[in-house]
Amino acid sequence: MGEYSKKLHIRKSVSVQDINLYTATSDIVSGQYIQLRDGSTLLYAALGNTTDSLASSLRIRKGGTVYGVLKKSYYPTGSTTYNTKDAMKSRKEYTLSLPAYTKKISVHCSYTDKTNYYNVSDVSSVHIVMYCTQEYRHTENHFYLYKGTDSSGTLLYNLDEMNIFNVTISWSPAINNS
């Protein structure tokens, strides 16, 4: 498994584009691939949207759909942190666009020190709502995470707590495969 030592070279006009080849279909994040052969070795090249930033100029029609052959298969990796202190004076709402091929996210809360995992393969973004309420002698912090671009989506996570806390949303190969 992994990236093959040789690359597929595509010449278009005077430029040459290198396409990474892989030895297992599990290395292809998009789930779409073409099969090639180098001697007796089966190899795979990733397919994606023709508008993908990693799409080469090589196009393949598969099952009636035109794909761009990707220069490499990649897993998105990243994280962002939200602090409920930011919503002390007014309600805050954010929409977080998820990178292509993100299947799962992790949500870690600093107060509970717990991490939860959520399937987001059917959406391209999540929506965050944070606000504070004043109760008798204390302030309560509220954090809500929804699938989609607004609070009408499926509720994934919520926490209502008196203490200020951070929530970190992350995505990576390990999270996608968990």
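Residues numbered from 1 in each chain as written. Predicted model: local features only at pLDDT ≥ 70, side-chain atom pairs only at ≥ 80, totals over all residues. Heavy atoms only, no water.

Q: What is the right way to look at the state of the cysteines in this model?
A: Simply put, the disulfide is a covalent bond whose two ends are the sulfur atoms of two cysteines. If you walk through the whole model with that rule in mind, you get 0 disulfides. Of all cysteine sulfurs, the one in Cys132 lies closest to Cys109, which takes part in no disulfide; the gap is 14 Å. According to the relative accessible area criterion, Cys109 is buried, its value standing at 0%. (Disulfide = S-S within 2.5 Å. Buried < 20%, exposed > 50% of the residue type's maximum accessible area, 1.4 Å probe, protein only.)

Q: Can you help me understand the packing of aromatic side chains in this one?
A: Within a pair of aromatic rings, the relevant descriptors are the distance that separates the centres and the angle that separates the planes. With the rule as written, the count across this model stands at 6 aromatic pairs. Between Phe143 and Tyr157, the aromatic rings sit 6.2 Å apart at their centres with planes inclined by 65 degrees, giving edge-to-face as the arrangement. Of this pair, Phe143 sits in strand 12 (residues 138-147) while Tyr157 sits in strand 13 (residues 155-161); the two residues are 14 residues apart in sequence, bridging distant segments of the chain. Centroid distance Tyr144 to Tyr146: 6.5 Å. Interplanar angle 20 degrees. Geometry classified as stacked. One aromatic cluster is present, built from ring pairs that chain together Tyr118, Phe143 and Tyr157. Between the NZ or CZ atom of Lys62 and the centre of the ring of Tyr33, over which it lies, the distance is 5.0 Å. (Phe/Tyr/Trp six-rings, centres within 6.5 Å; stacked < 30°, edge-to-face > 60°. Helix = DSSP H or I, 4+ residues; strand = E, 2+ residues; numbered from the N terminus. Lys NZ or Arg CZ within 6 Å of the ring centre and 35° of its normal.)

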